[in-house]
Every structure is written in structure tokens, then in C-alpha cells.
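A structural walkthrough
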Amino acid sequence: MQRHLSIPLQSQWDQGKGFGLLVVARAFRTEGMFISLQEPSLYTVKAILILDNDGDRLFAKYYDDTYPSVKEQKAFEKNIFNKTHRTDSEIALLEGLTVVYKSSIDLYFYVIGSSYENELMLMAVLNCLFDSLSQMLRKNVEKRALLENMEGLFLAVDEIVDGGVILESDPQQVVHRVALRVSETMPCCLPLLLTLQRSGAPAQGSHGSGLVEYL
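Residues numbered from 1 in each chain as written. Predicted model: local features only at pLDDT ≥ 70, side-chain atom pairs only at ≥ 80, totals over all residues. Heavy atoms only, no water.

With that out of the way, let us pick up the packing of helix 2 (residues 119-136) against helix 4 (residues 150-160). It is the contact of helix 2 with helix 4, at a shortest axis distance of 10 Å, that shows an interaxial angle of 145°. Note on packing geometry: the crossing formed by helix 2 with helix 4 is right-handed. Contact residues: helix 2 offers Val125, Cys128, Leu129, Ser132, Leu133 and Met136, while helix 4 offers Gly152, Leu153, Ala156, Val157 and Ile160. Its residues assigned to classes, the contact of helix 2 with helix 4 comprises nine nonpolar, two polar and no charged. (Axes fitted to C-alpha atoms, helices over the stretch in contact; angles between N-to-C directions. Helix = DSSP H or I, 4+ residues; strand = E, 2+ residues; numbered from the N terminus. Left-handed = near helix turned anticlockwise from the far one by under 90°. Contact = heavy atoms within 4.5 Å. Nonpolar A, V, L, I, M, F, W, Y, C, P; charged D, E, K, R; others polar.)

Right, dumping it as C-alpha cells:
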């Protein structure tokens, strides 16, 4: 029988930024004893999902090979929807993963991390994505409006997370950068640009307080 222990090994305090760093070792006892370390990682996010109120995929981006095939991804998405769409909580543990989620009208938003990931970090990503879309869609966060502005969704997700690493947690900065990218490289998306301008994206050169500035 396998026994699992969590043992704090080292705690350091960064006086400059006010962060405590805790390195945790996990010890497993079988016939003998060995220790493996869960090292801190920047690769926080495993997947970002948006499903409709039938549990069908509208958007999905996976950042590792936990579910390598589309069939496995779709099965996971159905499972996660069935376990969460009738609950009022915001955090779930499913298939060895930490899931944070929220709903809006006929949309369900999910951010997935590992079982030992900090829920607050995942929730920061979820809130940033939702608030960014809320600004871009002028608070009309529902399926039809989202499908009409998928270019903005793809750009926003890329501004928030890259390869599983959190880049930004300030929705104002996300909307601002999406507007810049649309105006500079996607002139064909004029309706999206006009929507972003109406949402009140900050002027070029403004500076926000995204998560990346505090790491």
C-alpha cells in the first residue's frame, strides 16, 4: 500500500517583493522510502476551455499532452461539463486535475491546472479572460456574440497564456494589446477593432499592473 506525505523542506522570504517561496517534497512509502520534489514551474495552465450550455466545444486550447488526441479531449470536456454545469462552486478536482470555472448565460469557461497547482493563479487567468471578453463584447458575454468575435478571443487567450505560462492578468492590458494587434496586423477585422475601441481600450503607451510584472 502506498502512503503519501507532504513535507515542507525549505522556506525563503523575498524581502524585495514580499513573496514566500515554499518548496514541497512528496514522500512515498512502499517497500523502501524515496523522496521526489515538486519543483516550482512557470507552466501553470494545462488547458483553457469554453463550452456552450450543451457541453459542446466552442474553444479549446491544450498546453501539454495530458489529452493528446481530439477524442480524449472531447471525452474530458464532456466529463468536466457533466460534473460542473449544475453546481454553484468555482473549483473542482477532476481526473487528477484542478479545474476552476464560471458560467455566463449559455457559456461555460474553464481553466485547468495540475492537481497541486495554486487555485488562485488559475482563478486569476479565468477572471482575466472573462473580464477581457466582457469588455470586448461590451458585457454581452454569450454564445452568439462570442462566435461573431472569435478572432478577438484567440488573440486575448494568446496575450494571457503562452505555452502554459501566465503572461498577463490585467484585462485592460489584454484588451489594449488585442486592439494594437488587430490595427497593426489584421486590418480585415475592422468590426472587431471598432468593438475594441468602443470598449474603452487604453491608449497606446499606457502601462498596467499585470501578473508578469510581479514575478
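Attention shifts here to the pattern of salt bridges. Per the counting criterion, the structure on display carries eight salt bridges. Between glutamate 77 and arginine 57 there is a salt bridge; the shortest N-O distance is 2.8 Å. Pair noted here: glutamate 77 is in helix 1 (residues 70-84) and arginine 57 is in strand 5 (residues 57-62), with a separation of 20 residues, a long-range link. For glutamate 77, a relative accessible area of 1% translates into the label buried. Owing to a relative accessible area of 30%, arginine 57 belongs among the partly exposed residues under this scheme. Here glutamate 168 ties to arginine 177 by a salt bridge, and the two come within 2.8 Å at their closest N and O atoms. Assessed through its relative accessible area of 1%, glutamate 168 is described here as buried. (Salt bridge = Lys/Arg side-chain N within 4 Å of Asp/Glu carboxyl O. Buried < 20%, exposed > 50% of the residue type's maximum accessible area, 1.4 Å probe, protein only.)

Position of arginine 86 among the secondary structure elements: in the loop between helix 1 and strand 6 (91-94). In terms of polar contacts, arginine 86 uses its side chain to reach the side chain of histidine 85, at 3.3 Å. (Polar contact = N/O pair within 3.5 Å; in protein donor to acceptor, adjacent residues only side chain to side chain.)

This part is about the environment of lysine 61. Assignment of secondary structure puts lysine 61 in strand 5. Judged by its relative accessible area of 30%, lysine 61 falls in the partly exposed class. Each C-alpha atom, one on lysine 61 and one on glutamine 73, is 10.0 Å from the other, the two residues being 12 residues apart in sequence. Those residues within four positions of lysine 61 in sequence are excluded, and the remaining contacts are Lys46, Ala47, Ile48, Val157 and Asp158. In this structure the side chain of lysine 61 is engaged in a polar contact, spanning 2.7 Å, whose partner is the side chain of aspartate 158.

Let's shift gears to the pairing of strand 7 (residues 97-104). Of all eight residues making up strand 7, six are buried, and the element is well covered by its neighbours. Of the strand pairs in this sheet, strand 6 and strand 7 are connected by four bridges, and their pairing is antiparallel. Bridge pairing in strand 7 places isoleucine 91 opposite valine 100. Hairpin connection from strand 6 to strand 7: two residues lie between these consecutive antiparallel strands, with glutamate 95 at a positive phi of about 55°. Both strand 7 and strand 8 (residues 107-114) contribute to a ladder of eight bridges, which runs antiparallel. Counted as the bridge partner of serine 103 is tyrosine 108 from strand 8. (Pairing = 2+ DSSP bridges.)

Under the criterion given, the structure shown has one cavity of 30 Å³ or more. Size it by volume and the largest cavity reaches roughly 40 Å³. In terms of lining residues, the largest cavity is bounded by Lys46, Ala47, Tyr62, Asp64, Thr66, Tyr67, Phe76, Leu97 and Ile112. For the lining of the largest cavity, the class distribution of residues is six nonpolar, one polar and two charged. (1 Å grid on protein atoms, 1.4 Å probe; cavity = no way out; pocket = protein on both sides within 12 Å on 5 of 7 lines; lining within 4 Å. Points joined across faces, edges and corners; volume = space filled by probe spheres on them.)

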